Amino acid sequence: MSALNAVLLYNEAMAKFIFVTGGVISSLGKGITSASVGKILQSRGLKVSLMKFDPYLNVDPGTMNPYQHGEVYVTEDGAETDLDLGHYERFTGARMTKFNNVTTGQVYHAVISRERRGDYLGKTIQVIPHITNEIKERVKKVAAVSGADVVIVEIGGTVGDIESLPFLEAARQFGLDAGRENVFYVHVTLIPFIKVAGEIKTKPTQHSVGTLREIGIQPDVLICRTEKPLSDEVKEKISLFCNVRKEAVIEAKDVSSIYQLPLIFKNQILDEIILSHFKLICRLSDLKDWEKGVIDKVLGPKTHTRIAVVGKYIELQDAYKSIYEALIHAGIANDARVEIEKIDSEDIEKLGPDKLLGRVSGVLVPGGFGYRGIEGKIKAIEFAREKGVPFLGLCLGMQCAVIEFSRHACGMKKANSTEFSKATPYPVISLLEEQKKINQMGGTMRLGSYPCRLLPKTRAYAAYKKAVVHERHRHRYEFNNKYRTALEKKGMVFSGVYPRGNLVEIVELADHPFFIAVQFHPEFNSRPDKSHPLFREFIRACLERSAEA
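These numbers come from a predicted model, not from an experiment.

A few words now on the overall build of the protein chain. When you go through the protein chain residue by residue, the secondary structure sums to 20 helices and 23 strands. Against the compact-globule benchmark of 24 Å for 549 residues, the protein chain has a radius of gyration of 25 Å, which places it among compact chains. A fraction of 73% describes how many contacts in the protein chain between residues 6 or more apart in sequence connect residues 24 or more apart. Of the roughly 23500 Å² that the protein chain leaves accessible, carbon and sulfur atoms contribute 51%. Looking at the protein chain, you have 75 positive and 66 negative side-chain charges, and the mean spots of the two groups are 3 Å apart.

Printed below as a string of structure tokens:
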């Protein structure tokens, strides 16, 4: 027996599995629920890993418009994944990989590729068992690779969606394969409050659970999203009609901060219910650091500041999800509430930066693709640079900062990126050399974690307090080193460089209260109990400006 097969067998025998499904409507918070379950089990001393099944046919979300999908979350190993993996990492600290996000496209691609090679020896390929077997193998692989005690599997979409059926069928089969005592089913559902009648209605949940049971899955726990508290009478009714114990009907009221949810679940003994099912005896829960270090500071900050996020997908909350969370984390680290002003960069093009940015203490320009709204981002950066407003640029935000500085501080009036202008006389941002021969779009950018060497006695070095850091990337274009000397002469400091390729990763201005822009995505490495250094110092500078105002 090979070492890998031995590992697979060991983890398959030892690991426990939790499947999280959703009903009634989408966007009920399955991802945050899964992350919170992971957190409370982790607090009991268990090692957890989480994974997301996405029912769309795309291989990954890398080529999808943010309006379609929201943020693309990038793992350390360079996978472009669903934003829920960000919740998993932020809540538990567990590192996600390319194995932790599975799409229908990936599953069918793998099965059809085997069929084309002749691996099935002439058999008819069907959804059952070939597609469902592939799905189950991917769950087992996460258990094997992670060595987790518990693997939490979130199934995207809503029960009843035709796209999710193969994943639900695989989850049903998993209960038979691994043994029902090793598999636990959580169903997230909605209990609407009808204001006109003044009543809470349980019928949508009854129908949702009924549909799930028709598929062959009996939920062990119901997570009930609700505006109003659930009375004992309502819980008894749900218990009776859904065949779930009353104590397993968990109330999930709307909260001020998503980081409260693990405590809410713990207070309703959800961890005990799960551990009892698995017949696991674990240490007592310890969430004191989470409660005091995160929740207390989120709910009762001593001060506040207002910053502007100037982007092109502002109207969609999920487009910059990790950035918003990283700003909250930076607020926690500074004992402050961060008020976020979401400003469309196209509005700055129309109305000017003075009108829209005059009330903020800091400006953040995030990443993105395409020319739309770029000139508005550049105007916002010019405003921050000239007015001494703290500025943080991420990915495309760094490229815009270089373009702005080249145009207005170095006299290169038509400086641009070759992404936006092939004919620019000053291509200060250009295509990465390795990107020039690539034709396919999906999964071909500079992706994943790369080292960055920091220049001593710079603001970046002072924030990180180390010589080399590792950060996650997602881009095709890069600073053009031909213009490095010209920008340095005018005061731009290149404080971070990728050692092997001599690629510029961080730029800053020494004669500015706080002006840093990075080619990577630091938001992916921020945690509520451990803010990213650059976000932390950015908000600190914003607070200093707020105090001076």
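Strand order in the open sheet made by the seven strands is β5-β2-β6-β1-β7-β10-β11, with parallel pairing throughout. Each edge of the sheet is formed by a strand with only one pairing partner; in this case those strands are β5 (101–103) and β11 (249–253). Adjacent strand axes in the sheet meet at a mean angle of 20° when their direction is disregarded. Pairing geometry for strand β2 (residues 48–54) and β5, over three bridges, is parallel. Within β5, the position partnered with D54 by the bridge is T103. Along the sheet face, helix α4 (residues 84–92) touches β2, β5 and β6 (150–155) and points at about 170° away from the line of β2.

Glancing now at the packing of aromatic side chains. Counted by the stated rule, this structure contains 16 aromatic pairs. Put simply, the rings of F17, F19, F174 and Y185 pair up and form one aromatic cluster. We note K228 situated over the ring of F193; from NZ or CZ to the ring centre the distance is 5.0 Å. The lysine or arginine in question, K342, covers the ring of Y324, its NZ or CZ lying 4.7 Å from the ring centre.

Attention now goes to the pairing of strand β23 (residues 515–518). What you see with β23 is no split at all: F515 and A517 on one side and I516 and V518 on the other are buried throughout. The sheet contact formed by strand β15 (residues 391–394) and β23 spans four bridges and is parallel. Among the inter-strand pairings, F391 is bridged to a residue of β23, identified as F515. Sheet analysis places strand β22 (residues 503–509) next to β23, joined by three bridges and oriented antiparallel. Looking across to β23, one finds that I506 is bridged to V518.

The geometry of helix α6 (residues 127–146) relative to helix α7 (residues 165–177) is characterised by a closest axis approach of 9 Å and an angle of 70° between their N-to-C directions. Between α6 and α7, the crossing angle belongs to the class labelled roughly perpendicular. Handedness of the α6/α7 crossing: right-handed. Residues V127, I128, I131, T132, N133, I135, K136, V139 and K140 of α6 form the contact with α7, whose participating residues are P166, F167, E169, A170, Q173, F174 and D177. In terms of residue class, the contact of α6 with α7 is built from nine nonpolar, three polar and four charged.

What follows is about the pattern of salt bridges. Inspection of the entire model under this criterion finds 37 salt bridges. Close ionic contact of D84 with K52 constitutes a salt bridge, the shortest N to O distance being 2.9 Å. Here K52 lies in strand β2 and D84 lies in helix α4, a separation of 32 residues in the sequence. Like K52, D84 is buried. The closest approach of N and O atoms between D254 and R225, which form a salt bridge, is 2.8 Å. One end of the pair, D254, is in the loop between β11 and α10 (261–267); the other, R225, is in strand β10 (residues 221–226), with 29 residues separating them in the sequence. Taken together, the shared-partner salt bridges connect K52, D54, D82, D84 and E154 into one network.

Overall, the predicted model of the protein chain reaches an average pLDDT of 92, with 95% of residues at or above 70. The low-confidence segment residues 1–12 (pLDDT under 50) makes 12 contacts with residues lying over four places distant or belonging to another chain.

What counts, and at which threshold
Per chain, the residues get numbers from 1 upward, laid out in the order the sequence is written. The model is predicted, so local features are restricted to residues of pLDDT at least 70 and side-chain atom pairs to those at 80 or more, both for listing and for counting; the totals for chains, interfaces and linings are taken over all residues. Working from all heavy atoms in the structure, the side-chain values ignore hydrogens and water. Numbering of helices and strands starts at the N terminus; helices are DSSP runs of H or I of at least 4 residues and strands are runs of E of at least 2. C-alpha atoms define the radius of gyration in this analysis, and the globule rule sets the expected value at 2.2 Å times the number of residues to the power 0.38. Residue contacts are defined here by distance: any two heavy atoms, one from each residue, within 4.5 Å place the two residues in contact. To measure how exposed things are, a 1.4 Å probe is used in the Shrake-Rupley method; for residues, cover is taken only from the protein chains shown. For this count, His and the chain ends are skipped, Lys and Arg are scored as positive, and Asp and Glu as negative. Each charge is placed at NZ for Lys, CZ for Arg, CG for Asp and CD for Glu. We call two strands paired when DSSP finds no fewer than two bridges between them. A fitted line through C-alpha atoms represents every axis, and for helices the fit uses only the stretch in contact; the resulting angles, taken between N-to-C directions, go from 0 to 180 degrees. Centre distance within 6.5 Å is the pairing criterion for rings of Phe, Tyr and Trp, where only the six-membered ring of Trp is used; planes under 30 degrees apart are then read as stacked, over 60 as edge-to-face, and the remainder as tilted. Any Lys NZ or Arg CZ that is within 6 Å of a ring centre and within 35 degrees of that ring's normal is treated as a charge sitting over the ring. Exposure classes here rest on a 1.4 Å probe applied to the protein chains alone. A residue is buried below 20% of its type maximum, exposed above 50%, and partly exposed in between. The scheme is simple: roughly parallel for angles under 35 degrees, roughly antiparallel for over 145, roughly perpendicular for 65 to 115, oblique for anything else. In this scheme the handedness of a crossing depends on how the near helix is turned from the far one: anticlockwise by less than a right angle means left-handed, clockwise means right-handed. Any residue outside Ala, Val, Leu, Ile, Met, Phe, Trp, Tyr, Cys, Pro, Asp, Glu, Lys and Arg is labelled polar, Gly included; the first ten of those are nonpolar and the last four are charged. A pairing counts as a salt bridge when a side-chain nitrogen of Lys or Arg comes within 4 Å of a carboxyl oxygen of Asp or Glu. pLDDT expresses, on a scale from 0 to 100, how confident the predictor is about each individual residue.

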